[in-house]
Amino acid sequence: MEVITAKSAGFCFGVKRAVDTVYELSGGEKKIYTFGPIIHNESVVDDLKERGVGIVDDLEQLKDLDPEDTVIVIRSHGVSEEIYNTISGLGFEIVDTTCPFVKRIHDAVLNASENGEEILILGSADHPEVQGIMGWCHGPVQVIENVESAKTYKPMSDRPITLVSQTTFNHKKFEDIVEILILSEYNVNVMNTICNATLTRQNEAEDLASRADVMIVIGGKHSSNTRKLYDICAARCEHTYFIETLDDLNLEVPKSVRLVGITAGASTPQKLIEEVQKEWKN
Ligand code: F3S
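Residues numbered from 1 in each chain as written. Predicted model: local features only at pLDDT ≥ 70, side-chain atom pairs only at ≥ 80, totals over all residues. Heavy atoms only, no water.

Caption draft 1: Quick peek at the pairing of strand 7 (residues 141–144). By the bridge criterion, four bridges tie strand 6 (residues 118–122) to strand 7 in an arrangement that is parallel. Its bridge partner lying in strand 7, leucine 122 is registered against isoleucine 144. Viewed along the sheet, the connection from strand 6 through helix 5 (residues 128–134) into strand 7 turns out right-handed. (Pairing = 2+ DSSP bridges. Helix = DSSP H or I, 4+ residues; strand = E, 2+ residues; numbered from the N terminus. Right-handed = clockwise from strand over helix to strand, strands pointing away.)

Below you can see the structure in the form of structure tokens.
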């Protein structure tokens, strides 16, 4: 029996970089706090807590900390300019693990708005990444999330418009919205800032599932990207299983299995993926 794990299973480049950085910093001289949970994965957050890494959820909570001996880590989603400047203005050392692909969007909206343009962001207005991007705009900015809002979209000014998107925005939705805006009378400069990490993970999972006799998808039950991976795999492989922990591996699998495929959602730690892989190989 062969066991193949998709290359893109688990953390994307930006999240891995952020999580690795916090592990490297933990146990040092200064106290480490992340601004918001570094990742939506309880086992990773708990493990970091045991290593002394704390979480601050807002600027208010910084008041209880001593800037002299505290490092604040900014996670891969990034933060607004105001939050960044406030943390640094209070005298904290900042370790910024904003994903470079997100940082590129911050720089783009900052430049465009300083050049007098209005900004339009495609994404969820309440997502921390989008709030961070909004916070680097020095002028009018709006967020739209779907085709319906694109149809009724009205700019706030008569300036040229720069459009960017949340890095995890759906490609198809992006194209549909852009088409509507291009057909409109507005002067829109489109920047496709979708990150391909999610798409690559989905394409690899689909390819592996179409060859595998059994497909294991690892991730949190509430993780929407893992559920999407599961749906993609289940459409290709009849024996597809969604597991959250090693304990769920007690599966009823067909006897004549030649190839087992493994993939995992964006917040699944490498350690868990390796453990599942090892279980199958034994
Ligand atoms: Fe991950 Fe950065 Fe893309 S955090 S999803 S590699 S934008």
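Caption draft 2: Examining the environment of leucine 59 more closely. Its location among the elements puts leucine 59 in the loop between strand 3 (54–56) and strand 4 (70–74). Taking C-alpha positions, leucine 59 is 42 Å from leucine 249, a pair spaced 190 residues apart along the chain. Apart from residues no more than four positions distant in its own chain, leucine 59 is found in contact with Phe35, Ile83, Thr86 and Ile87. (Contact = heavy atoms within 4.5 Å.)

Caption draft 3: Empty space enclosed by the protein, seen in detail. A complete count under the given rule lists one cavity of 30 Å³ or more for this structure. In this model, the largest cavity occupies a volume close to 50 Å³. Along the walls of the largest cavity sit Thr34, Pro37, Ile38, Val45, Leu48, Val53, Gly54 and Ile55, which together make up its complete lining. For the lining of the largest cavity, the secondary structure elements donating two or more residues are helix 2 (42–50) and strand 3. Class assignment of the residues belonging to the lining of the largest cavity gives a composition of six nonpolar, two polar and no charged. (1 Å grid on protein atoms, 1.4 Å probe; cavity = no way out; pocket = protein on both sides within 12 Å on 5 of 7 lines; lining within 4 Å. Points joined across faces, edges and corners; volume = space filled by probe spheres on them. Nonpolar A, V, L, I, M, F, W, Y, C, P; charged D, E, K, R; others polar.)

None of the figures reported here should be taken as evidence of function without further support.
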